[in-house]
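What follows is the residue order along each chain.
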Amino acid sequence: MRGRIVVAGLAALLVSGCAAEAEPVAVPPPAPIAVDVPAASSGGACRLLDFTVIEQLVKVRFDVAAASERGDTFTCVVRAERAALPELTLSVTDTKIDKATFGADVVPDKATKVTGLGQQAYRRTIAAASGRGPVAEVGWLASEGRLATLSWTAARGAQRSAAEKLTGDLVALAKKVNTRTL
């Protein structure tokens, strides 16, 4: 009797295994994980910038950085992930020019002198052009023989007066840039 019960149980198990398989349940893919990567991880002049410091001084949050190195020039461009403008660009070049040459050959006409930044510095705004708004620029001759430029390109439709006001914030940011560490 026990043998028949065991055989019947095994037969039931075998028959139930032959039944149609249940349809698989669709599972949604996992949500992408956003990771904050520091600007410095892009290399080049980006090693001199920090997204948090930029946001504190300029009041805009950037989260994408790209760097380039060509010869003695190091460049970094930072932007918000989903917008082409505004963008902030830092360019640092090794140079042998002196303060007098910087003042005569590098400082643009109609630029305003800036004190407390490198050996000599200036700030200026450039009018809007096709596809972009005005540009705010700060340039300086750093004490360690480096020429640096920090520029902000505004989005189309931005007012030049806003770019002019922003040059003060760029000067504050430029004072945080330590070109010696490049």
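Everything below is about the structure printed above this text.
Per chain, residues are indexed from 1 in the order of the written sequence. Totals for whole chains, interfaces and linings use every residue, but because this is a predicted model, local features are given only for residues with pLDDT of at least 70 and side-chain atom pairs only at 80 or more, for both listing and counting. Based on all heavy atoms of the structure, the side-chain values leave hydrogens and waters out of the count.

Student: Quick question: what am I supposed to make of the overall build of the protein here?
Tutor: Each helix corresponds to a stretch of at least 4 residues labelled H or I by DSSP, and each strand to a stretch of at least 2 residues labelled E; elements are numbered beginning at the N terminus. Counting secondary structure elements, the protein contains 4 helices and 7 strands. Along its sequence from the N terminus, the protein presents helices and strands in the succession α-α-β-β-β-α-β-β-β-β-α. Counting the 182 residues in the protein, one finds 30% classified as buried. Any pair of residues with heavy atoms lying within 4.5 Å of one another is described as a contacting pair. Sequence-distant contacts in the protein: of pairs separated by 6 or more residues, those separated by 24 or more amount to 49%. Per-residue accessibility, obtained with a 1.4 Å probe over protein chains only, is compared with the maximum for each type, and a residue is labelled buried under 20%, exposed over 50%, and partly exposed between these values.

Student: Please explain the state of the cysteines as it appears in this structure.
Tutor: A disulfide bridge is the covalent bond that connects two cysteines by way of their sulfur atoms. Working definition: a disulfide is two cysteine sulfur atoms within 2.5 Å of each other. Counted under the stated rule, the structure contains 1 disulfide. Shown here is the disulfide that connects Cys-46 with Cys-76, its sulfur atoms set 2.0 Å apart. Disulfide Cys-46 to Cys-76: torsion about the S-S bond roughly 95°, handedness right-handed. In this pair, Cys-46 is assigned in the loop between α1 (2-17) and α2 (51-58) and Cys-76 in strand β2 (residues 73-79), connecting sequence segments 30 residues apart. In this structure, Cys-46 and Cys-76 share a single accessibility class: buried.

Student: Help me understand the sheet that holds strand β3 (residues 87-94) in this model?
Tutor: Sheets are built from strands that pair by backbone hydrogen bonding, the pairs being arranged parallel or antiparallel. DSSP-based pairing: two strands are paired if at least 2 bridges between them are found. One open sheet accounts for 7 strands, arranged β1-β2-β3-β7-β6-β5-β4; its pairing is antiparallel. Two strands in the sheet have a free side with no partner beyond their single neighbour: β1 (64-70) and β4 (112-114). Averaged over all adjacent pairs, the angle separating strand axes in this sheet is 15°, with direction ignored. Taken together, the 7 bridges between β2 and β3 define a ladder with antiparallel strand orientation. Looking at the pairing, Val-77 lines up with Thr-89 of β3. Lines fitted to C-alpha atoms define the axes, with helix axes restricted to the stretch in contact, and inter-axis angles between N-to-C directions lie between 0 and 180 degrees.

Student: Hey, could you run me through the environment of Ala-154 in this one?
Tutor: Along the polypeptide, Ala-154 turns up in the loop between β7 (146-153) and α4 (160-176). The spatial distance from the C-alpha of Ala-154 to the C-alpha of Glu-87 is 6.9 Å, given a sequence separation of 67 residues. Apart from residues lying up to four places away in sequence, Ala-154 is in contact with Leu-85, Pro-86, Arg-132, Gly-133 and Pro-134.

Student: What's the story with the side chain of Thr-179 in this structure? I'm lost.
Tutor: Take Thr-179: it is sitting in the segment after α4. With residues near it in sequence (within four places) discarded, Thr-179 still touches Leu-48, Val-92, Trp-140, Ala-142, Glu-144, Arg-146 and Ala-148.

Student: What's the story with the packing of α2 against α4 in this structure? I'm lost.
Tutor: Between two packed helices, what matters for the description is the angle formed by their axes and the separation of those axes. It is the contact of α2 with α4, at a shortest axis distance of 9 Å, that shows an interaxial angle of 145°. When the axes of α2 and α4 are compared, the crossing they make is right-handed. Contacts between α2 and α4 involve Val-53, Ile-54, Leu-57 and Val-58 from the former and Leu-166, Asp-169, Leu-170, Ala-172, Leu-173 and Lys-176 from the latter. Split into classes, the residues belonging to the contact of α2 with α4 amount to 8 nonpolar, no polar and 2 charged. Throughout, a crossing is termed right-handed when the near helix is turned clockwise from the far one, and left-handed when it is turned anticlockwise from it by less than a right angle. Note on residue categories: nonpolar means Ala, Val, Leu, Ile, Met, Phe, Trp, Tyr, Cys or Pro, charged means Asp, Glu, Lys or Arg, and polar means any other residue, Gly included.

Student: Explanation requested: the nonpolar core in the structure shown.
Tutor: Generally speaking, a soluble globular protein has its nonpolar side chains buried in company with each other. Side-chain atoms within 4.5 Å are what join buried Ala, Val, Leu, Ile, Met, Phe, Trp, Tyr and Cys residues into a set we call a nonpolar core. Core analysis: the largest hydrophobic core is formed by 35 residues, its most contacted members being Val-78, Leu-88, Leu-90, Trp-140, Trp-152 and Leu-170. Where this core is concerned, the elements lending two or more residues are α2, β2, β3, β6 (135-142), β7 and α4. Setting aside its immediate chain neighbours within four residues, Leu-170 contacts Val-58, Leu-88, Ala-136, Glu-137, Val-138, Leu-150 and Trp-152.

Bear in mind that shape data such as this cannot, by itself, settle questions of function.
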